[in-house]
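Okay, here's what each chain looks like letter by letter:
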Amino acid sequence: MVVAELPPGARAKAHLHRGIETAVYVIEGEVETRFGDRLGESVVTRAGDYLYIEPDTPHVVLNRSDHPCRAVIVHTAEDDQEGIVMLPDLDAKV
């Protein structure tokens, strides 16, 4: 479990967690998560919202707001970097 902050205008790189579930609870701000095989689906999560990402689901998070987003992120693995597969071919989709 980690508390992460995504500054205004920042984004993660496209990736997935091989065999690992991800749960996100937004403490402050809002974040857009693009997900799916070609990142074609999108959801905006705001303070107080919970988001679940199934194992092996490609995703990327973006903070399109003018305020930082802080969230608690939990993975079903001991290390939050375990099982990460980077997907550079999907980065251009966002």
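The structure under discussion appears in the preceding block.
Criteria and thresholds
- Counting starts from 1 at the beginning of each chain's written sequence and moves along it residue by residue.
- Reporting of local features is limited, given that this is a predicted model, to residues whose pLDDT is at least 70; pairs of side-chain atoms are given and counted only at 80 or more, and all residues count toward the totals for whole chains, interfaces and linings.
- The basis for every side-chain value is the complete set of heavy atoms in the structure, and neither hydrogens nor water enter the calculation.
- For helices the rule is a DSSP run of H or I covering at least 4 residues; for strands it is a run of E covering at least 2, with both sets numbered from the N terminus onward.
- Here the radius of gyration uses the C-alpha set of atoms, whereas the globule reference equals 2.2 Å times the residue count to the power 0.38.
- By the convention used here, strands pair only if DSSP detects at least 2 bridges between them.
- Throughout, an axis means a line fitted to C-alpha atoms (over the contacting stretch in the case of helices), and angles, computed between N-to-C directions, take values from 0 to 180 degrees.
- The salt bridge definition used is simple: a Lys or Arg side-chain nitrogen within 4 Å of an Asp or Glu carboxyl oxygen.
- Here, residues are in contact when the closest pair of their heavy atoms is within 4.5 Å.
- Each residue is placed in one exposure class: buried if its accessible area under a 1.4 Å probe, protein chains only, is under 20% of its type's maximum, exposed if it is over 50%, and partly exposed if it falls in between.

**So, the overall build of the protein chain**
For the protein chain, the count of helices and strands is one helix and nine strands. Taken from N to C terminus, the helices and strands of the protein chain fall in the order β-β-β-β-β-β-β-β-β-α. Here the C-alpha atoms of the protein chain give a radius of gyration of 12 Å, agreeing with the 12 Å that 2.2 N^0.38 yields for 94 residues. Principal-axis analysis of the C-alpha atoms places the extent of the protein chain at approximately 30 × 30 × 15 Å.

**Quick notes on the sheet that holds strand S1 (residues 2-6)**
Taken in spatial order, the four strands line up as S1-S8-S3-S6 in an open sheet, and their pairing is antiparallel. Of all the strands in the sheet, just S1 and strand S6 (50-53) have a single pairing partner and so form its edges. Neighbour-to-neighbour, the strand axes of the sheet open up by a mean angle of 30°, direction not taken into account. Note: S1 against strand S8 (residues 69-75), five bridges, orientation antiparallel. Looking at the pairing, Glu-5 lines up with Arg-70 of S8.

**Regarding the pattern of salt bridges**
A complete count under the given rule lists six salt bridges for this structure. The closest approach of N and O atoms between Glu-32 and Arg-64, which form a salt bridge, is 2.4 Å. One end of the pair, Glu-32, is in strand S4 (residues 30-35); the other, Arg-64, is in the loop between strand S7 (59-62) and S8, with 32 residues separating them in the sequence.

**Notes on the pairing of S8**
Taken together, the six bridges between strand S3 (residues 22-28) and S8 define a ladder with antiparallel strand orientation. By the bridge assignment for S8, Thr-22 is matched with His-75.

**Comments concerning the side chain of His-75**
Within the element layout of this structure, His-75 appears in strand S8. Not counting residues up to four positions away in its chain, the partners in contact with His-75 are His-17, Ile-20, Glu-21, Thr-22 and Asp-80.

**Brief notes about the environment of Ala-12**
By the secondary structure assignment, Ala-12 is in the loop between S1 and strand S2 (15-17). With a relative accessible area of 21%, Ala-12 lands in the partly exposed category. Between the C-alpha atoms of Ala-12 and Val-85, which are 73 residues apart in sequence, the distance is 13 Å. In this structure, Ala-12 is in contact with Val-60, Val-61 and Asp-91, ignoring residues within four places of it in sequence.

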